[in-house]
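For reference, the chains in residue letters:
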Amino acid sequence: MTWYTLLVLAVAAERLAELVVARRNTRWSLARGGVESGRGHYPAMVALHTALLVGCLAEAGFAERPFPPVLGWTMAAVVLLAQGLRWWCIRTLGPRWNTRVIVVPGLPKVTGGPYRWLSHPNYLAVAAEGIALPLVHGAWVTALVFTLLNAGLLAVRIRCEDGALGRLPAGEARA
């Protein structure tokens, strides 16, 4: 379980790094007239993502979930791939990437990187990680609960983001 704890802590550290990038990008966006939407659901998103990390360790430890080798290693690979996709999104969007929904008017829509194929590739990374990270060590209840709650939250989030982008004149900005 020690190595699993280290994996979950590494994901937590990655999330903290995201928050540092997001804070810097928030300042950049607001300085350029960026408009934030969806403040109401943001605390729920932070709470859910924090609960995922706590739930992984709590369920694996207290319920004494075993490490299932085939599933565990496969899910560990999915976690790493999700991190790669997330950072590809961050790199592609540059200073426009954020954990909040902030749209800067006047910027062209980003159509490169993973946005060539998907409108919301970062949310695919979140969903994959939310299933895979708990399943690395058999925490199937955490995976199920996170996935169900995340699906509802993503429905709100994507509607908010698409609405914010839709209020811009054609051909402008990507959140």
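Definitions and limits used
- Residues numbered from 1 in each chain as written.
- Predicted model: local features only at pLDDT ≥ 70, side-chain atom pairs only at ≥ 80, totals over all residues.
- Heavy atoms only, no water.
- Helix = DSSP H or I, 4+ residues; strand = E, 2+ residues; numbered from the N terminus.
- Rg over C-alpha atoms; globule rule 2.2 N^0.38 Å.
- Contact = heavy atoms within 4.5 Å.
- Areas by Shrake-Rupley, 256 points an atom, 1.4 Å probe, with all protein chains shown as cover.
- Lys, Arg positive; Asp, Glu negative; His and termini not counted.
- Charge placed at Lys NZ, Arg CZ, Asp CG, Glu CD.
- Core = buried A, V, L, I, M, F, W, Y, C linked by side-chain atoms within 4.5 Å.
- Buried < 20%, exposed > 50% of the residue type's maximum accessible area, 1.4 Å probe, protein only.
- Salt bridge = Lys/Arg side-chain N within 4 Å of Asp/Glu carboxyl O.
- Expected span 1.5 Å × (residues − 1).
- Axes fitted to C-alpha atoms, helices over the stretch in contact; angles between N-to-C directions.
- Parallel < 35°, antiparallel > 145°, perpendicular 65-115°, else oblique.
- Nonpolar A, V, L, I, M, F, W, Y, C, P; charged D, E, K, R; others polar.

(A) Spatial organisation of the overall build of the protein. Scanning the protein for helices and strands turns up five helices and two strands. The secondary structure elements of the protein, listed N-terminal to C-terminal, are α-β-α-α-β-α-α. Relative to a compact globule of 175 residues, whose C-alpha radius of gyration would be 16 Å, the protein shows 17 Å and is just as compact. With the principal axes as the frame, the protein shows a C-alpha extent of 55 × 30 × 25 Å. Sequence separation of at least 24 residues holds for 86% of the intrachain contacts in the protein that already meet a minimum separation of 6. Split by element, the accessible area of the protein, about 8900 Å² in all, is 70% carbon and sulfur. A distance of 8 Å separates the average location of the 17 positive side-chain charges in the protein from that of its 9 negative side-chain charges.

(B) Structural view of the nonpolar core. Tyr4, Val8, Cys56, Val79, Leu133 and Val136 are the most contacted members of the largest nonpolar core, which has 22 residues in total. Secondary structure elements with two or more residues in this core: α1 (2–31), α2 (42–62), α3 (69–93), α4 (121–135) and α5 (140–166). Broken down by element, this core gets its largest block of residues, seven residues, from α2. Leave out the neighbours within four places in its chain, and Tyr4 touches Cys56, Leu57, Ala60, Leu133, Pro134, Val136 and His137. Counting residues in hydrophobic clusters, the runner-up holds eleven residues, among them Val21, Ala22, Ile90 and Ala125.

(C) Summary view of unusual backbone geometry. Here the phi dihedral of Glu64 falls at roughly 50 degrees; this positive angle occurs in a residue that is not glycine. With respect to the secondary-structure elements, Glu64 resides in the loop between α2 and α3. A relative accessible area of 68% means that Glu64 is categorised as exposed.

(D) Representation of the side chain of Asn25 within the structure. Along the chain, Asn25 falls in helix α1. In this structure, Asn25 is in contact with Gly94, Pro95, Trp97 and Asn98, ignoring residues within four places of it in sequence.

(E) Expanded view of the pattern of salt bridges. Applying the stated criterion across every chain yields a total of nine salt bridges. For Arg15, the salt bridge goes to Glu129, with nearest N and O atoms at 2.0 Å. With Arg15 in helix α1 and Glu129 in helix α4, this pair connects stretches of sequence that are 114 residues apart. The class of Glu129 is buried, set by a relative accessible area of 0%. For Glu129, the salt bridge identified is with Arg86, shortest N-O distance 3.2 Å. In this pair, Glu129 is assigned in helix α4 and Arg86 in helix α3, connecting sequence segments 43 residues apart.

(F) Up close: α5. Under the 1.5 Å per step criterion, the end-to-end length of α5 is 37 Å for 27 residues, consistent within 8% with the ideal 39 Å. Looking at the buried residues of α5, the elements they touch are β1 (35–37), α2, β2 (101–103) and α4.

(G) Quick look at the environment of Val141. Mapping Val141 onto the fold places it in helix α5. It is 29 Å that separates the C-alpha atoms of Val141 and Asn98, two residues lying 43 residues apart in sequence. Those residues in contact with Val141 that lie beyond four places of it in its chain are Glu59 and Arg65.

(H) Expanded view of α2. For α2, which comprises 21 residues, the first-to-last C-alpha distance of 29 Å matches the rise-based estimate of 30 Å (1.5 Å per residue) to within 8%. Of the residues making up α2, those classed as buried are Tyr42, Met45, Leu48, His49, Leu52, Leu53, Gly55, Cys56, Glu59 and Ala60. In this fold, the buried residues of α2 make contact with α1, α4 and α5.

(I) Broad picture of the packing of α1 against α3. One way to put it is that α1 packs onto α3 with a least axis distance of 12 Å and a crossing angle of 5 degrees. As the angle between them shows, α1 and α3 are arranged roughly parallel. When α1 is examined against α3, the residues Val11, Glu14, Arg15, Ala17, Glu18 and Val21 are found in contact with a partner set consisting of Val79, Gln83, Arg86, Trp87 and Ile90. In the contact of α1 with α3, the residues fall into six nonpolar, one polar and four charged.

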